[in-house]
Amino acid sequence: MRGRHELLLGSLPTLSLLSLSFPASSSSFTLGNTRARSRSPLHLSSKDDDWNLGDEKNDEDDSRLDEMRQILESSWNGEAMGQVPSDSGKAAEACSQAVANAMRQNRNVLMVDLRLPSFDTTEGPRAYDSFGVYDFCSHLSRHLKQLSLVTKTLILFRNDLEVKHIEQEKLIRGDGDSDDLNDTANPGRQLQNDVDDFRDQLMANWDDESANPVPSVAPSGEPTPLASDNSSHRLGSMIGEAEISPGPDQFDQTIQAVDQHALLQGEEDALIIVAPYDTTDTVALRRTLARYGNTRTIIIVNSRIELLPRELDNAVMCYGILPLIARRGHNDPDAGLKAVVLKRYPDPWTVYVDVDDDGFYEAKGGPMSPVDSSDKQLPSPEWIALKVQAFLQKQ
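The shown structure was predicted, so the numbers you read here are calculated from the model rather than taken from an experiment.

### What about the overall build of the chain?
Per the secondary structure count, the chain includes nine helices and 10 strands. At a minimum sequence separation of 6, the contacts of the chain that also span at least 24 residues come to 74%. For the chain, the accessible area works out to roughly 17,400 Å², and carbon and sulfur atoms hold 45% of it.

### Re the nonpolar core
Residues Phe136, Phe157, Val274 and Ile299 are the most contacted members of the largest nonpolar core, which totals 49 residues. If one sorts the elements of this core by residue count, helix α3 (residues 88-103) sits on top with eight residues. Of all hydrophobic cores here, the second largest spans 40 residues; its members include Leu264, Val351, Trp383 and Val388.

### Quick look at the packing of helix α4 (residues 130-146) against helix α5 (residues 160-173)
Where α4 meets α5, the axes come as close as 9 Å, and the angle between the chain directions of the two elements is 85°. Of the possible angle classes, the one that applies to α4 and α5 is roughly perpendicular. Contacts from Ser130, Phe131 and Tyr134 in α4 reach His165, Ile166, Glu169, Lys170 and Arg173 in α5. Residues that form the contact of α4 with α5 fall into these classes: three nonpolar, two polar and three charged.

### Focus on unusual backbone geometry
Along the chain, Tyr345 connects to Pro346 via a cis peptide bond; the corresponding omega equals 10°. Relative to the assigned elements, Pro346 resides in the loop between β8 (338-344) and β9 (350-354). One non-glycine residue, Ala275, adopts positive backbone phi at about 50°. For Ala275, the position within the fold is in the loop between β5 (270-274) and α8 (279-292).

### Overview of the side chain of Asn159
Of note, Asn159 is situated in the loop between β3 (153-157) and α5. Polar side-chain contacts of Asn159 include one of 3.0 Å to the backbone nitrogen of Glu162.

### Side note on the packing of helix α7 (residues 250-261) against α8
Where α7 contacts α8, the axes come no closer than 9 Å and their chain directions differ by 50°. Between α7 and α8, the crossing angle belongs to the class labelled oblique. Viewed along their axes, α7 and α8 form a crossing whose handedness is right-handed. On α8, the residues that touch Gln250, Phe251, Thr254, Ile255, Val258 and Asp259 of α7 are Thr279, Thr280, Val283, Ala284, Arg287, Thr288 and Arg291. Tallied by class, residues from the contact of α7 with α8 come to five nonpolar, five polar and three charged.

### Observations concerning the environment of Ile298
Within the secondary structure layout, Ile298 lies in strand β6 (residues 297-301). As a C-alpha pair, Ile298 and Val109 span 189 residues in sequence and 4.9 Å in three-dimensional space.

### Section: the pairing of β6
Judged by how many residues are buried, β6 sits mostly within the fold: five of five residues are covered. Side-chain alternation along β6 places Thr297, Ile299 and Val301 on one buried face and Ile298 and Ile300 on a second face that is also buried. In terms of strand pairing, β5 meets β6 through five bridges, oriented parallel. In the sheet register, Ile272 faces β6, and the bridge partner there is Ile299. Assessed by its sense of winding, the connection that carries the chain from β5 through α8 to β6 is right-handed.

### Thoughts on the packing of aromatic side chains
Within this structure, the stated rule accounts for two aromatic pairs. An angle of 75° between the planes, with centres 5.9 Å apart, marks the rings of Phe119 and Phe136 as edge-to-face. Residue Phe119 is found in the loop between β2 (109-114) and α4, and its partner Phe136 is found in helix α4; the two are separated by 17 residues along the sequence. The two residues Phe119 and Phe136 agree in class, both being buried. Their ring planes at 55° and their centres at 5.8 Å tell us that Phe131 and Tyr134 sit as a pair that is tilted.

### Some words on the state of the cysteines
Taken as a whole and judged by the stated rule, the model has zero disulfides. Between Cys137, a cysteine without a disulfide, and Cys95, which holds the nearest cysteine sulfur, the sulfur-to-sulfur distance is 8.9 Å. In this model Cys318 remains outside any disulfide bridge; the closest cysteine sulfur is found in Cys95, 7.0 Å from its own.

### Digging into α4
Owing to its 3.6 residues per turn, the α-helix brings residues three or four apart onto one side. Helix length check: α4, at 17 residues, gives a terminal C-alpha distance of 24 Å against a target of 24 Å (1.5 Å per residue), a fit within 8%. Counted residue by residue, α4 has 13 buried out of 17 residues, so it is predominantly covered. For α4, the N-terminal cap is Asp129; the gap from its side-chain oxygen to the backbone nitrogen of Phe131 is 3.1 Å. Following α4 by one or two positions, Ser148 adopts a phi angle in the positive range, close to 60°.

### Details of the pattern of salt bridges
Using the criterion set out here, one finds 14 salt bridges in the structure. Put simply, Arg287 and Asp259 hold a salt bridge, and the shortest N to O gap is 2.6 Å. Taken together, the residues Arg287 in helix α8 and Asp259 in helix α7 connect sequence positions 28 residues apart. Judged by relative accessible area, which is 1%, Arg287 ranks as buried. The buried category is assigned to Asp259, whose relative accessible area is 1%. With a closest N to O distance of 2.6 Å, Lys338 and Asp357 form a salt bridge. Remark: Asp357 occurs in the loop between β9 and β10 (361-362) and Lys338 occurs in strand β8; sequence separation between them is 19 residues.

Rules and cut-offs
Residues numbered from 1 in each chain as written. Predicted model: local features only at pLDDT ≥ 70, side-chain atom pairs only at ≥ 80, totals over all residues. Heavy atoms only, no water. Helix = DSSP H or I, 4+ residues; strand = E, 2+ residues; numbered from the N terminus. Contact = heavy atoms within 4.5 Å. Areas by Shrake-Rupley, 256 points an atom, 1.4 Å probe, with all protein chains shown as cover. Core = buried A, V, L, I, M, F, W, Y, C linked by side-chain atoms within 4.5 Å. Buried < 20%, exposed > 50% of the residue type's maximum accessible area, 1.4 Å probe, protein only. Axes fitted to C-alpha atoms, helices over the stretch in contact; angles between N-to-C directions. Parallel < 35°, antiparallel > 145°, perpendicular 65-115°, else oblique. Nonpolar A, V, L, I, M, F, W, Y, C, P; charged D, E, K, R; others polar. Polar contact = N/O pair within 3.5 Å; in protein donor to acceptor, adjacent residues only side chain to side chain. Left-handed = near helix turned anticlockwise from the far one by under 90°. Pairing = 2+ DSSP bridges. Right-handed = clockwise from strand over helix to strand, strands pointing away. Phe/Tyr/Trp six-rings, centres within 6.5 Å; stacked < 30°, edge-to-face > 60°. Disulfide = S-S within 2.5 Å. Expected span 1.5 Å × (residues − 1). Salt bridge = Lys/Arg side-chain N within 4 Å of Asp/Glu carboxyl O.

Bear in mind that shape data such as this cannot, by itself, settle questions of function.
Listed below in structure tokens is the structure:
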């Protein structure tokens, strides 16, 4: 085993493995240690006056983004790992192949987890790029349409403020998709479903793991007829402009907002739900899954819900990526060992390691990949550490 890449676990000295998906100033990811801190995901509100994707980003954020791209591009093993996700379009292309594999096996509730700096809400406003996430989702919808797997996709961010921000960025950047002529938010009609009945059903089995999943909301949830168009997607939000209180009315307010805004229209037969995180997002997600989970394709991108609801029991993680880089210390400017944790359906979570800048190779030793419900989330730090250690011991 090469001495300068020696990896020791437990209480012995370790190499510090810094995750490029976390703020370098506030988080760390250490092999052999469960410590992994991160800030809560950021959601836009009217009080966020520092949300800016241009001048507000500092040199440290830009250097980390550039470093991540360079690492992926310079070491990527296309034959083993597929398309390198060096930008939103290429990430969507890679993801679409995994999503297509799952859809062709009749899986319709799908998950995607991109732990790339500009795609992760835990990065905060200086790094997180909501437009980049939208760009990824729009490319993904286009790929799936080209593959004749969906007709049109509704892309749902949290609220209308995020949607307006994305629309403004589209105008500023001059970015528009030639096949997306009618992709602005257009809230649907209010459903007449009985919210109280749904509340009773949902609350009855919220904490009972043996209960049956919430039944789908009935035919009134079918898409509103609209004229056909050639766009691959429409941009919308889960709760619109609704102000959701944290008190006892939170549940009803969320259900009413979702019933007004998160509705398919016309030819739409798929949904992409972006970055659900808190209680409001969980209720909104469960409501949407109850309505469409048995009949439509639902793709959940970058969920940060800690305890997944039972409606996701049959969901599959289609595509996930976490790039990592090892350093001897915080003051060491040079990258050492590099690793990528990658999931491409139907393959299990896999770790690829680059020791001497000669490309990523699969770490085939160590523990088996997770196959239970944890398969819907990133593998644990311990599992990743053991995979890397097994790889290094063979060198």
